[in-house]
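Report on the structure
Here are the chains, one letter per residue:
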Amino acid sequence: MIGLISATAAGAAARDRLAAAWPARTRVYDGPVGDAVRRAFGECEQLVCFLATGAVVRLVAPLLGDKASDPGVVCVDEGGRFAVSLVGGHGGGANELAGEVGELLGAEPVVTTATDAVGVAGLDTLGLPVEGAVAAVSRALLDGGSVALRTETPWPLPPLPLTEESAVGTEGTGGADGAYAVVRVTDRAVVPGEREVLLRPPSLVVGVGASRGAPADEVHGLVEECLREAGLSPASLAALATVDAKADEPGIVAAAGRLGVPLVTYGPSELAAVEVPNPSDAPLAAVGTPSVAEAAALAGGGELLVPKRKSRRADGQPAMATCAVVRRAARGRLAVVGLGPGARDLLTPRAKAELRRAAVLVGLDQYVDQIRDLLRPGTRILESGLGAEEERARTAVAEARAGRSVALIGSGDAGVYAMASPALAEASDDIDVVGVPGVTAALAAGAILGAPLGHDHVSISLSDLHTPWEVIERRVRAAAEADIVVTFYNPRSRGRDWQLPKALAVLAEHREPSTPVGVVRNASRADESSRLTTLAHLDPATVDMMTVVTVGNTATRRIAGRMVTPRGYRWQQEPR
């Protein structure tokens, strides 16, 4: 919950705008400002104070306890010009909140956290438990010092400005050796070195089985004992897993709660299909699968680190709990990002966020140049020229399969004549894929021309590099016969100068010479140009690969210098 506090009419007006926009996230605190701040500080995860920063500093100073638990505090000035992240920039989420408040109120976010100020991802903002010398290693990153990444378990991290990346075996120390500060990704129970940060990936899954009525202490104690004796960190525990029949077993449910992880369950047939080293007749008779602990741990794949173990009871009675531990491989992440037609303000916020999240960027060199300034320091860029689409798709998928966070970029929407199709044809279900839509060239051109796409429309590429001309011509003819507005991509190049005239001739068999045609070159870019002509007067020689050509249907009209395809609303057809 976000507490909102104000002292003046101007502050209250801005406060009420936030409250109206975020009704489920906010709570307004009225009354004397000092009392309101104290109550909100104790009850909310974040505060937005429409007060002077000095006043807020004096009010919250006696309340501050620990940066890991204090709420994030944002101050907004009376004029609504600035949203200042004051306290809890990372731990309390104040930096992100300042951005959200600024976007909503039209205020400039003010963030002074060192890593955020220079675009470096904070080690305590990566979404993983972190241990060790966070301040010292962060300072080394900021100062451009020599910082190495040691990965025992690959994990899709955001970019970091590292000087070395390597993998270490489970016997390696991974500690600083005098030459480096170290960021180490590990699920092992090791102590960080003097200039070392440990990042704990959620890579461990513990499968558990239990007799009816098994005490929570016995289940919890067994899990902790298994992790400790295997030299594994509880901070990397991702989940407990068991059979559906044990989903409500109090001891298992309570143990998951104590460990702070979800309880995942599987049907007996799912578990019975998992190959395990230690099957047993007892669980088969009880719940329908020859293994619970090992099979539940392995159900999502991974490496069995600790085979099935039984609990030991001090009273000498039979064990009531079993567990097994598995390390799951990291799932890499591939974001397929549409950059839009070229203008920076048509690049979506979601696309910007994915670009900043990616440790590896793959793209056509000219598209990389468009967004290079948005990338975080440390982003590895793999760029190539025209004609290397399949190579880029394979490269992006391979990087994701290596457990990395990857962005594959394309112009417009990456799913429209761009990189999503070859990449997803290459990818399998061993990586996570995220699609980020972008504004297409057809949409950008349509907005410039007026409303040519107001009714049914189709986009057709005239490039026969990947599609035989016979297929393209058949599609153009079908669109012509169906009286659908057509936008031509890749209409003409120096090596392909006859396809556009041929396509226009096919359309002319079904449309009047006066049919409006819109021609837009470099839509939304600095050298944008557009013109409205007709099917009879369009000169194909004036068109190139940077152009999209939109041909109207029999209803499309030129109205006030704009190209409009009516939707066919009844009220527009009624006499006035």
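Everything numeric in this text was worked out from a predicted model, so none of it was measured. (Residues numbered from 1 in each chain as written. Predicted model: local features only at pLDDT ≥ 70, side-chain atom pairs only at ≥ 80, totals over all residues. Heavy atoms only, no water.)

Here we take up the overall build of the protein. The helix and strand inventory of the protein stands at 19 helices and 29 strands. Once the C-alpha set of the protein is aligned to its principal axes, its extents read approximately 95 × 65 × 60 Å. Sorting the 576 residues of the protein into buried and exposed places 46% on the buried side. The long-range share in the protein, meaning contacts at least 24 apart out of those at least 6 apart in sequence, stands at 65%. Just so you have it, the protein exposes about 26800 Å², and 51% of that area is on carbon and sulfur atoms. Taking the average place of the 57 positive charges on the side chains of the protein and the average place of its 68 negative ones, the gap between the two points comes to 3 Å. (Helix = DSSP H or I, 4+ residues; strand = E, 2+ residues; numbered from the N terminus. Buried < 20%, exposed > 50% of the residue type's maximum accessible area, 1.4 Å probe, protein only. Contact = heavy atoms within 4.5 Å. Areas by Shrake-Rupley, 256 points an atom, 1.4 Å probe, with all protein chains shown as cover. Lys, Arg positive; Asp, Glu negative; His and termini not counted. Charge placed at Lys NZ, Arg CZ, Asp CG, Glu CD.)

Tallying each qualifying case throughout the model produces 32 salt bridges. A salt bridge links Asp 217 to Arg 258, with the shortest nitrogen-to-oxygen separation between them at 2.6 Å. Taken together, the residues Asp 217 in helix α7 (residues 216-229) and Arg 258 in helix α8 (residues 250-259) connect sequence positions 41 residues apart. Asp 430 is the salt-bridge partner of Arg 401, the closest N and O atoms lying 3.2 Å from each other. (Salt bridge = Lys/Arg side-chain N within 4 Å of Asp/Glu carboxyl O.)

Another aspect to go through is the packing of aromatic side chains. Inspection of the entire model under this criterion finds 2 aromatic pairs. Considering the side-chain rings of Tyr 417 and Tyr 489, the 4.8 Å spacing of their centres and the 55° angle between planes classify their relative orientation as tilted. On the criterion of sequence distance, the pair formed by Tyr 417 in the loop between β20 (405-410) and α15 (420-426) and Tyr 489 in strand β24 (residues 485-489) is long-range, its members being 72 residues apart. Judged by its relative accessible area of 44%, Tyr 417 falls in the partly exposed class. Each ring, one from Trp 469 and one from Trp 498, has its centre 5.1 Å from the other, and the planes form 70°; the classification is edge-to-face. Taken together, the residues Trp 469 in helix α17 (residues 469-481) and Trp 498 in the loop between β24 and α18 (499-508) connect sequence positions 29 residues apart. A relative accessible area of 10% places Trp 469 in the buried class. Among the residues examined, Trp 498 registers a relative accessible area of 43% and is labelled partly exposed. Between Arg 25 and the ring centre of Trp 22, over which it is positioned, the NZ or CZ distance is 4.4 Å. (Phe/Tyr/Trp six-rings, centres within 6.5 Å; stacked < 30°, edge-to-face > 60°. Lys NZ or Arg CZ within 6 Å of the ring centre and 35° of its normal.)

When you tally the buried positions in strand β1 (residues 2-6), you get 5 out of 5 residues, the bulk of the element. Here β1 shows a buried face lined by Ile 2, Leu 4 and Ser 6 and a second buried face lined by Gly 3 and Ile 5. Where β1 lies against strand β2 (residues 26-28), 3 bridges are found, and the strand directions are parallel. Of the residues in β2, the one forming a bridge with Gly 3 is Arg 27. With respect to chirality, the unit in which β1 leads through helix α1 (residues 9-21) into the neighbouring parallel β2 is right-handed. (Pairing = 2+ DSSP bridges. Right-handed = clockwise from strand over helix to strand, strands pointing away.)

The subject of this paragraph is the sheet that holds strand β22 (residues 450-451). The mixed open sheet is built from 3 strands, whose spatial order is β22-β29-β28. The two strands at the open ends of the sheet, each matched to only one other strand, are β22 and β28 (557-559).

Turning to the confidence of the model for the protein, a few remarks are in order. Averaged over every residue, the pLDDT of the protein is 88; the share at 70 or more is 95%. Low confidence marks residues 169-179, where pLDDT is under 50. Its contacts with residues over four positions away, or in another chain, come to 18 contacts. (pLDDT = per-residue confidence, 0-100.)

With that settled, the discussion passes to the sheet that holds strand β23 (residues 457-461). Here we have 5 strands laid out as an open sheet, ordered β23-β24-β27-β25-β26, and mixed in their pairing. Of all the strands in the sheet, the pair left with one neighbour each is β23 and β26 (529-534). Sheet twist, expressed as the average angle between the axes of neighbouring strands with direction ignored, equals 20°. Of the pairings in the sheet, the one linking β23 to β24 comprises 5 bridges and is parallel in character. Within β24, the position partnered with His 457 by the bridge is Val 485. Against the sheet, α17 makes contact with β23 and β24, and its axis sits at roughly 160° relative to β23, the strand it touches most. Taken strand by strand, α18 contacts β24 and β27 (547-551), and its axis lies near 175° from that of β24. (Axes fitted to C-alpha atoms, helices over the stretch in contact; angles between N-to-C directions.)

With respect to the helices and strands, the residue Arg 521 is situated in strand β25 (residues 516-521). Here the alpha-carbon distance between Arg 521 and Ser 85, two residues 436 residues apart in the chain, equals 43 Å. Contact partners of Arg 521, with chain neighbours within four places excluded, come to Asp 527, Glu 528, Ser 529, Asp 544, Met 546 and Thr 547.

Along helix α2 (residues 33-43), the residues that are buried comprise Gly 34, Ala 36, Val 37, Ala 40 and Phe 41. Seen end-on, α2 carries its buried residues on one side only, within an arc spanning 160°. Buried residues in α2 make contact with β1, β3 (46-50) and α3 (53-60). (Arc of directions from axis to C-beta.)

Note on placement: Ser 211 falls in the loop between β12 (204-210) and α7. On the accessibility criterion, Ser 211 (35% relative accessible area) is partly exposed. For the pair formed by Ser 211 and Thr 440, sequence separation is 229 residues and the distance between their alpha carbons is 58 Å. The contact partners of Ser 211, leaving out residues within four places of it in the chain, are Lys 246, Glu 249, Ala 319 and Met 320.

Structurally, Thr 242 is set in strand β13 (residues 237-243). Using a relative accessible area of 0% as the deciding quantity, one classes Thr 242 as buried. Among the polar contacts made by the side chain of Thr 242, one reaches the main-chain carbonyl oxygen of Val 208 at a distance of 2.8 Å. (Polar contact = N/O pair within 3.5 Å; in protein donor to acceptor, adjacent residues only side chain to side chain.)

This brings us to the nonpolar core. Val 206, Val 208, Val 223, Leu 227, Leu 237, Leu 240 and Val 325 are the most contacted members of the largest nonpolar core, which has 23 residues in total. Those elements that provide at least two residues to this core are β12, α7, β13, α8 and β16 (321-327). Per element, the largest residue contribution to this core is 5 residues, and it comes from α7. In contact with Leu 240, other than residues within four places in its own chain, are Val 206, Val 208, Val 223, Ile 252, Ala 255, Ala 256, Leu 259, Val 261, Pro 262, Leu 263 and Val 264. Ranked by size, the runner-up nonpolar core spans 21 residues in total, among them Trp 469, Ala 480, Leu 504 and Leu 535. (Core = buried A, V, L, I, M, F, W, Y, C linked by side-chain atoms within 4.5 Å.)

On to α1. The end-to-end C-alpha distance of α1, which contains 13 residues, comes to 18 Å, matching closely the 18 Å that a straight helix rising 1.5 Å per residue would cover. Within α1, burial applies to Gly 11, Ala 12, Ala 14, Arg 15 and Leu 18. Relative to the axis of α1, the buried residues are bounded by an arc of 165° and lie together on one face. Residues of α1 that are exposed and angled more than 90 degrees away from the buried face: Ala 9 and Ala 20. On its buried side, α1 packs onto β1, β2, β3 and α4 (94-105). (Expected span 1.5 Å × (residues − 1).)

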